[in-house]
Amino acid sequence: MQIIWKRLLADRTLQLTGVLALLALAFGNVHWSDINAHTIIALAALMMLVSVYETEGLLVYVASTVVSHFQTTRQIIRVTFLMAFFGSMLFTNDVAILTLVPIFVTIARKIQLKMILPLVFMTIFANLGSAVTPFGNPQNLYLASFYQLPALDFFKMSLPLGMVSLGLLFLVTYLFADDTVGAVALEKHPINKRHMVVVLLVTVVVLAAILNALPIGVALIASGLLALGYDRTTFVKIDYGVLLLFVGFFVIVGALSRVPVLESVLTHLTDGPIKVFFAGILTSQVISNVPGAILLSKFTHLVYPLYLGASIGGLGTIIASLANLLAWRQYQLQTDEQSWSFPTRSMLINVLLLLIFIPLGLLLLKLN
């Protein structure tokens, strides 16, 4: 319990959100219904499940095994991007970054590879890959819950963007040299196959509940029992700050959505699909795409342009997606590098890609 409190007290993003939420409660008009319980429960269930995966070491095992089979710099970079892209679909973009950044830093040191540019693109493809599934990132969880989207409808929205992003991934890898480096041996721990059978069964239950095939409470119970029966220390490893952060977002957004001036402005900015699309992109640049999506959903029924705006809006500024900040933090922790090289290059590349993806988003809207 002490470890959890220390982690919460050290989270500056949570501290700022907490202060703003308290101000919203004190001076704003907030309703209990502003807090989307389905999203909170789904996120809690997913976090417990992912924590078990991390404790078992499956993600590190898979990543280490896959990387060890490639022997050129381009192959290693490409497979790392692909693991970030597809891994984020199942385990969220944050978990993909937390798992793969340390592994890639270790590899880069072994083969003397410059790491900032690959790490920036890895984060970008983790964000883009996470946009493909309803459980790939927090805003998708929220949008799928808020608009009560069936899985098929969600994938109809997300797959065109996902296919283009995957094509871009393969093109980007040709920016990197294809030097031979030999096999890369990485430390990995053996996997308990019996444990993994149980974990995979619970995974199916949790994902089915998130996709509305089962009551969402079933997901929380299943993942909670798994964590309890597997290893009680799993509960300590869960980042409860994320759950509190979401509660704070809901409270703040609820209060902001009832400020008359802001309500009038946002109503005007969301009265058409193109306006919603650009509103999603612009709000993401300023307050990040998660709270941006929550805020704008209060004013529009147009889910597809909002989804595109929030997904593409994760490109751009360093705060457009919280995963960008997480990747920067991981880079600092793994390398002791405190300069502004990472965020500067990240912003430059993200803005360039944003300018490319905006016309793409408009085209997808037109074709829809």
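Use the structure listed above.
Definitions and cut-offs
Along each chain, residue indices are assigned from 1 in the same order as the chain's sequence is written. Owing to the predicted nature of the model, reporting of local features is limited to residues with pLDDT of at least 70; listing and counting of side-chain atom pairs is limited to 80 or more, with chain, interface and lining totals taken over all residues. The side-chain figures draw on all heavy atoms in the structure; neither hydrogens nor water molecules are used. Each helix is a run of H or I in the DSSP string that is no shorter than four residues. Each strand is a run of E no shorter than two, and both are numbered from the N terminus. Only C-alpha atoms enter the radius of gyration; for comparison, a globular chain is expected to reach 2.2 Å times N to the power 0.38, where N is the number of residues. We call a residue buried when its accessible area falls under 20% of the maximum for its residue type, exposed when it is over 50%, and partly exposed in between, using a 1.4 Å probe and counting protein chains only. For this analysis, residues touch if any pair of their heavy atoms sits within 4.5 Å. Surface exposure here means Shrake-Rupley accessible area, sampled with a 1.4 Å probe, where a residue is shielded only by the protein chains that are shown. Charged residues are defined here as Lys and Arg on the positive side and Asp and Glu on the negative side; His and the ends of the chain fall outside this count. Here the site of a charge means NZ on Lys, CZ on Arg, CG on Asp, or CD on Glu. The angle between two axes is taken between their N-to-C directions and runs from 0 to 180 degrees, where each axis is a line fitted to C-alpha atoms and a helix contributes only its stretch in contact. Handedness of a helix crossing follows the sense of rotation of the near helix relative to the far helix, less than a right angle counterclockwise being left-handed and clockwise being right-handed. Following the grouping adopted for this structure description, the nonpolar residues are Ala, Val, Leu, Ile, Met, Phe, Trp, Tyr, Cys and Pro, the charged ones are Asp, Glu, Lys and Arg, and the polar ones are all others, Gly among them. One fewer than the residue count of a helix, multiplied by 1.5 Å, yields its expected span. Every definition here rests on a 1 Å grid over the protein atoms only: cavities are sets of points where a 1.4 Å probe fits but cannot get out, pockets are open sets enclosed by protein on both sides within 12 Å along at least five of seven lines, and lining residues have some atom within 4 Å of a point. Grid points are joined across faces, edges and corners, and a volume is the space filled by probe spheres set on the points. What qualifies as a polar contact is a pair of N or O atoms within 3.5 Å, subject to a donor-acceptor requirement within protein and to the restriction that residues adjacent in sequence count only when both atoms come from side chains. Criterion for a salt bridge: a side-chain nitrogen of Lys or Arg within 4 Å of a carboxyl oxygen of Asp or Glu.

Colleague: I'd like a description of the overall build of the protein chain, backed by residues and values.
Modeller: From N to C terminus, the protein chain includes 18 helices and zero strands. Its C-alpha radius of gyration of 20 Å places the protein chain within 12% of the 21 Å reference for a compact globule of 368 residues. Counting only C-alpha atoms, the protein chain reaches 60 × 50 × 40 Å along its principal axes. Residues counted as buried form 54% of the 368 residues belonging to the protein chain. Taking the intrachain contacts of the protein chain between residues at least 6 apart in sequence as the baseline, contacts between residues at least 24 apart amount to 81%. Approximately 17100 Å² of the protein chain is accessible, and the part contributed by carbon and sulfur atoms is 69%. Taking the average place of the 20 positive charges on the side chains of the protein chain and the average place of its 15 negative ones, the gap between the two points comes to 3 Å.

Colleague: Explain the packing of helix 2 (residues 12-27) against helix 12 (residues 240-256) to me, using residue names and the numbers behind them.
Modeller: The packing of two helices is summarised by the inter-axis angle and the distance between the axes. Across the interface, helix 2 lies against helix 12 with an axial gap of 8 Å and an inter-helix angle of 35 degrees. Regarding helix 2 and helix 12, the two cross each other, and that crossing is left-handed. Note on element contacts: helix 12 touches helix 2 through Gly241, Leu244, Leu245, Gly248, Phe249, Val251, Ile252 and Ala255, opposite Thr13, Leu14, Thr17, Leu20, Ala21, Ala24 and Leu25. Classifying every residue of the contact of helix 2 with helix 12 by side-chain character gives eleven nonpolar, four polar and no charged.

Colleague: Can you lay out the environment of Gln330 for me, pointing to particular residues and giving the numbers?
Modeller: Among the secondary structure elements, Gln330 is positioned in helix 17 (residues 322-335). Take Gln330: its relative accessible area is 10%, and that puts it in the buried class. For the pair Gln330 and Val105, spaced 225 residues apart in sequence, the C-alpha separation works out to 9.9 Å. For Gln330, the contacting residues outside a window of four places in its chain are Leu98, Val101 and Pro102.

Colleague: Describe helix 12, with residues and values.
Modeller: Taking 1.5 Å per residue as the helical rise, helix 12 with its 17 residues ought to reach 24 Å, and the 24 Å between its terminal C-alpha atoms agrees with that figure. Of all the positions in helix 12, only Gly241, Leu243, Leu245, Phe246, Gly248, Phe249, Phe250, Val251, Ile252, Val253, Gly254 and Ala255 are classed as buried.

Colleague: Break down the layout of surface pockets for me, with residues and values.
Modeller: By volume, the largest pocket is sized at about 1500 Å³. If you go around the largest pocket, you meet 43 residues; those closest to its centre are Asp11, Thr13, Asp239, Val242 and Leu326. Taken together, the elements giving at least two residues each to the lining of the largest pocket come down to helix 1 (2-10), helix 2, helix 3 (37-56), helix 5 (73-111), helix 7 (138-146), helix 12, helix 15 (289-297) and helix 17. Here the lining of the largest pocket is composed, by residue class, of 24 nonpolar, eleven polar and eight charged. Quantified by volume, the second largest pocket comes out at close to 620 Å³. Taken together, the residues of the lining of the second largest pocket break down into 19 nonpolar, five polar and no charged.

Colleague: Explain the environment of His31 residue by residue, including any values.
Modeller: Among the structural elements, His31 can be located in the loop between helix 2 and helix 3. Considering only alpha carbons, one finds His31 and Gly254, 223 residues apart in sequence, at a separation of 7.2 Å. A polar contact of 3.1 Å, which involves the side chain of His31, links it to the side chain of Arg258.

Colleague: Residue-level account of the pattern of salt bridges, with values.
Modeller: One pass over the structure, following the stated rule, counts two salt bridges. Across the pair Asp34 and Arg258 runs a salt bridge, and its minimum N-O distance is 2.8 Å. Placement of the pair is Asp34 in the loop between helix 2 and helix 3 and Arg258 in the loop between helix 12 and helix 13 (260-269), with a sequence separation of 224 residues. Judged by relative accessible area, Asp34 falls into the buried class, the value being 4%. Among the ionic pairs, Lys275 bridges to Asp271, the shortest N-O distance being 3.2 Å. Since its relative accessible area comes to 35%, Lys275 is described here as partly exposed.

Colleague: Got a sec to walk through helix 5? Specific residues and values, please.
Modeller: End to end, helix 5 covers just 8 Å across 39 residues, shorter than the expected 57 Å (1.5 Å per residue, more than 12% under). Most of helix 5 sits out of view: 29 of its 39 residues are buried. Phi for Gln112, located one or two positions after helix 5, is positive at around 55 degrees.

Colleague: Tell me about the side chain of Thr17, residues and numbers included.
Modeller: Along the chain, Thr17 falls in helix 2. Of the residues examined, Thr17 reaches a relative accessible area of 6% and is grouped as buried. With sequence-adjacent residues up to four places away left out, Thr17 is seen in contact with Leu245, Gly248, Phe249 and Ile252.

Colleague: Go over unusual backbone geometry with me, naming the residues and quoting the values.
Modeller: Despite not being glycine, Gln148 has its phi angle at roughly 50 degrees, a positive value. Tracing the backbone through its elements, the reader meets Gln148 in the loop between helix 7 and helix 8 (151-173). In this structure, Asn212 is a non-glycine residue whose phi angle is positive, near 70 degrees. By the secondary structure assignment, Asn212 is in the loop between helix 9 (193-210) and helix 10 (216-230).

This is a description of form; function is not addressed.
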